[in-house]
Amino acid sequence: MTPKQRFHAALDMRSVDRVPLLYQHLGAASYLQKATGILTKDAFEDPEKFAKLSLESFNQFGFDNVMAGWGDLLTESQAHGLKWKFTDPRFYPRPDAYLPLAEASEIRPVDPMDDRYWSVPLKAASLMGDKLGDEAAIVGSCGSPTWIFSETIGMEPLMMAYFQQPDLVHGVLRNIIESCKAYGERAHEVGIEDIFMDDSGAGMEMVSLEMYEQFDRPYVFQVMQSWTKLGLRTIIHNDSAAPYYESQLDLQPKALHVHLQAVEPAKFFAQLRGRTCVVAGIDHTTLLFKRAPDEVESEVKRLFELWGKDAGFMMAPGCELPYKTPLENILRLKQATIRYGTM
Ligand SMILES: [Zn+2]
């Protein structure tokens, strides 16, 4: 199987020659920047540079996909009124000025192709498709509607608005989901077949389950329905410390990706098995970042023993790999997946 075939087969819960590896965003970017001479800031403004930097991840790490859309989690929000700034060209931009809550009612749907920055990863996806052909999957990336809203006006104002102005919140979210639906259409047009949605606000440390189910989940559901109608596969990412994954499972994503330290892996696997593809997120903050390759391998082995041989399984870091994750650990993650995950 090619990496793309393997990646799609796992998402569709069909059998694979070996379990694929999900590469998230622009993980371990230091190596990619060094090899290409392209810094992250420059890639945000230029589809060709964006494509080159993303493609380099496939050359260096050899996971089964690349991503058109990175882990800044702000690109969609800046299209809706956030002002961002680049403080260091090697890293993602940061919020500079949130849109005042009083102006939130003016947020309108955006066509990503009309936005200076949001259009870049889409144009880059098209270029990557020309280079990769059917070799690796190209995965789009979009924040959940609530996440986009939160990063547009700031987390605290949004939390206050949940209590004080729920009608305003619902009204804005109805507009933001139109932008997300348009993203799916544009992604489909440039040849993207899978979209990674970050819905990491769905955790007990952030909101109550009731608040999640009132303000977050229904909008994720509407966006996912629209994407699914276009034939796009959906991967929900939730690396919250106490993820409401059972509630997200009911949304019927093609895959669910959590940080395994936030759940009981055996229970998590049992609940998802046969229902949706499990993306097993190995600890990226300590294990992959600070420990030895043999420890990475032991963890991969342990997870394969827990999972077994069923279809619908993928290996991944728990979230985007830190900038300078040791290369030997990344490569061992892949080697161990080949060793224990070949079917
Ligand atoms: Zn994450």
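Residues numbered from 1 in each chain as written. Predicted model: local features only at pLDDT ≥ 70, side-chain atom pairs only at ≥ 80, totals over all residues.

Chemist: Looking at this structure, I do not really get the environment of serine 54. What am I missing?
Modeler: The residue serine 54 is located in helix α4 (residues 47–61) in this model. Overall, the presence of 27 C-beta atoms within 10 Å leaves serine 54 in the buried class. In this structure the C-alpha to C-alpha distance between serine 54 and histidine 25, which are 29 residues apart in sequence, comes to 8.3 Å. Residues within four places of serine 54 in sequence aside, it is in contact with Val66, Met67, Ala68, Ala124 and Met128. (Helix = DSSP H or I, 4+ residues; strand = E, 2+ residues; numbered from the N terminus. Buried ≥ 20, exposed ≤ 12 C-beta atoms within 10 Å, placed from the backbone. Contact = placed C-beta atoms within 7 Å.)

Chemist: Please explain helix α7 (residues 145–153) as it appears in this structure.
Modeler: Residue pairs spaced three or four apart in an α-helix point in one direction, given the helix's 3.6 residues per turn. Extensive coverage of α7 is indicated by the burial of nine of its nine residues. Inspection of α7 places Pro145, Thr146, Trp147, Ile148, Phe149, Ser150, Glu151, Thr152 and Ile153 among the buried residues, and these make up the whole buried set. Two residues or fewer after α7 comes glycine 154, characterised by a positive phi angle close to 100 degrees.

Chemist: Help me understand the sheet that holds strand β5 (residues 194–198), please; the structure alone is not making it clear to me.
Modeler: Pairing between the strands of a sheet comes from backbone hydrogen bonds, and it takes one of two forms, parallel or antiparallel. Pairing is parallel in the open sheet, where seven strands are placed in the order β1-β4-β5-β6-β7-β8-β9. Of all strands in the sheet, those bounded by a partner on one side alone are β1 (65–68) and β9 (313–317). For this sheet, the mean angle separating the axes of adjacent strands, direction not counted, is 25 degrees. In the sheet, strand β8 (residues 277–282) pairs with β9 via five bridges, with the strands oriented parallel. Note on β9: the bridge partner recorded for valine 279 is methionine 314. Each of β1 and β4 (137–143) is contacted by helix α6 (residues 119–132), which is oriented at about 150 degrees to β1, the strand it contacts most. (Pairing = 2+ DSSP bridges. Axes fitted to C-alpha atoms, helices over the stretch in contact; angles between N-to-C directions.)

Chemist: Hey, could you run me through the packing of helix α15 (residues 293–307) against helix α16 (residues 327–341) in this one?
Modeler: The packing of two helices is summarised by the inter-axis angle and the distance between the axes. One way to put it is that α15 packs onto α16 with a least axis distance of 9 Å and a crossing angle of 30 degrees. Classified by chirality, the crossing of α16 by α15 is right-handed. Residues Pro293, Val296, Glu297, Val300, Lys301 and Phe304 of α15 pack against Glu328, Asn329, Arg332, Leu333, Ala336, Thr337, Tyr340 and Gly341 of α16. In terms of residue class, the contact of α15 with α16 is built from seven nonpolar, three polar and four charged. (Left-handed = near helix turned anticlockwise from the far one by under 90°. Nonpolar A, V, L, I, M, F, W, Y, C, P; charged D, E, K, R; others polar.)

Chemist: Teacher, can you tell me more about unusual backbone geometry here?
Modeler: Negative phi is the rule for most residues except glycine; trans is the rule for most peptide bonds. Within the chain, methionine 13 stands out as a residue other than glycine whose phi angle is a positive 60 degrees. With phi around 60 degrees, glutamine 252 is a residue other than glycine that occupies positive phi space. By the element assignment, glutamine 252 lies in the loop between α12 (245–249) and β7 (255–259).

Chemist: Any chance you could explain the packing of helix α13 (residues 265–272) against α15 here in plain terms?
Modeler: The contact between α13 and α15 brings their axes to 10 Å, and the two run at 45 degrees. Here α13 lies oblique to α15, going by the angle between them. Here the hand of the crossing between α13 and α15 comes out right-handed. Here α13 contributes Pro265, Ala266 and Phe269 to the contact with α15, which in turn contributes Leu303, Leu306 and Trp307. Tallied by class, residues from the contact of α13 with α15 come to six nonpolar, no polar and no charged. (Parallel < 35°, antiparallel > 145°, perpendicular 65-115°, else oblique.)

Chemist: How should I be thinking about the pairing of β5 in this particular structure?
Modeler: In summary, the side chains of a regular strand alternate between the two faces of the sheet. The element β5 is extensively covered by neighbouring structure, given that five of its five residues are classed as buried. Covered by surrounding structure in β5 are Asp194, Phe196 and Asp198 together with Ile195 and Met197, the residues of both alternating faces. With five bridges joining them, β4 and β5 adopt parallel strand pairing. By the bridge assignment for β5, glycine 143 is matched with aspartate 198.

Chemist: Any chance you could explain α15 here in plain terms?
Modeler: In this model α15 runs 21 Å from its N-terminal to its C-terminal C-alpha over 15 residues, within 8% of the 21 Å that 1.5 Å per residue would give. For α15, the full list of buried residues reads Val296, Val300, Leu303 and Trp307. One side of α15 holds all its buried residues, which, seen down the axis, span an arc of 65 degrees. Of the residues in α15, the exposed ones pointing more than 90 degrees away from the buried face are Asp294, Arg302 and Glu305. Lining the buried residues of α15 we find α13, β8, α14 (287–290), β9 and α16. Directly beyond the C-terminal end of α15, a positive phi value near 90 degrees is found at glycine 308. (Expected span 1.5 Å × (residues − 1). Arc of directions from axis to C-beta.)

Chemist: What should I look at first to understand the pairing of β8 in this one?
Modeler: Summarising burial for β8: six of the six residues are buried, a large majority. Side-chain alternation along β8 places Cys277, Val279 and Gly281 on one buried face and Val278, Ala280 and Ile282 on a second face that is also buried. Here five bridges tie β7 to β8, and the two strands are oriented parallel to one another. Within β8, the position partnered with histidine 259 by the bridge is glycine 281. Remark: the β7/α13/β8 crossover connection has right-handed handedness. (Right-handed = clockwise from strand over helix to strand, strands pointing away.)

Chemist: Can you walk me through the nonpolar core in this structure?
Modeler: The tendency in soluble globular proteins is for nonpolar side chains to be buried side by side. Ranked by size, the top nonpolar core spans 102 residues in total, and within it Ala68, Met128, Ile138, Val279, Ala280 and Met314 carry the most contacts. Per element, the largest residue contribution to this core is eight residues, and it comes from helix α9 (residues 166–189). For methionine 314, the residues in contact, after removing those within four places along its chain, are Ala10, Val19, Pro20, Leu22, Ala255, Cys277, Val278, Val279 and Ala280. (Core = buried A, V, L, I, M, F, W, Y, C linked by C-beta atoms within 7 Å.)

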